[in-house]
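Listed here are the chains, written in short residue letters.
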Amino acid sequence: MRRIEHGLIVVTLAGLAAILGCEESVDDDYAPVVDDTPNSTLGKAKGFSEDTIADMQERQEAIGRQADTVFDDAAARELEKSGDFPDGGG
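Computed from a predicted structure; not experimentally measured. (Residues numbered from 1 in each chain as written. Predicted model: local features only at pLDDT ≥ 70, side-chain atom pairs only at ≥ 80, totals over all residues. Heavy atoms only, no water.)

Peer 1: Just to check I follow, could you spell out the overall build of the protein chain for this structure?
Peer 2: When helices and strands are counted, the protein chain shows 3 helices and 0 strands. Burial statistics for the protein chain: of 90 residues in total, 4% are counted as buried. For the protein chain, the accessible surface area stands at approximately 8400 Å², while carbon and sulfur atoms represent 57% of it. (Helix = DSSP H or I, 4+ residues; strand = E, 2+ residues; numbered from the N terminus. Buried < 20%, exposed > 50% of the residue type's maximum accessible area, 1.4 Å probe, protein only. Areas by Shrake-Rupley, 256 points an atom, 1.4 Å probe, with all protein chains shown as cover.)

Below you can see the structure in the form of structure tokens.
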């Protein structure tokens, strides 16, 4: 019985030494790749909504410029020359 206990102790100590000896080395120069693309669904939805808001603001500005031409013939001619219509047409 003592031999079994002695054997278990030796095997346990050998296992612990093997586990402790196999520590993973850490690379201090590691820097994760960081880009502007969101990883989560919430982040992607937020980015999409921000893009949509920016597009809506641009469209509102274009509509405002087009509405200003109603009262100013010179501005209407400039708008026609620029082709800056909110619907993308010409």
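Peer 1: Teacher, can you tell me more about a negative patch on the surface here?
Peer 2: On the surface, Asp 51, Asp 55, Glu 58 and Glu 61 cluster together into a patch of negative charge. With respect to the secondary-structure elements, Glu 58 resides in helix H2 (residues 41–68). Taking the relative accessible area as the measure of exposure, Glu 58 reaches 52% and is therefore exposed. (Patch = residues over 30% accessible without salt bridge, like charges linked within 9 Å, V, L, I, M, F, W, Y side chains within 5 Å. Salt bridge = Lys/Arg side-chain N within 4 Å of Asp/Glu carboxyl O. Lys, Arg positive; Asp, Glu negative; His and termini not counted. Charge placed at Lys NZ, Arg CZ, Asp CG, Glu CD.)

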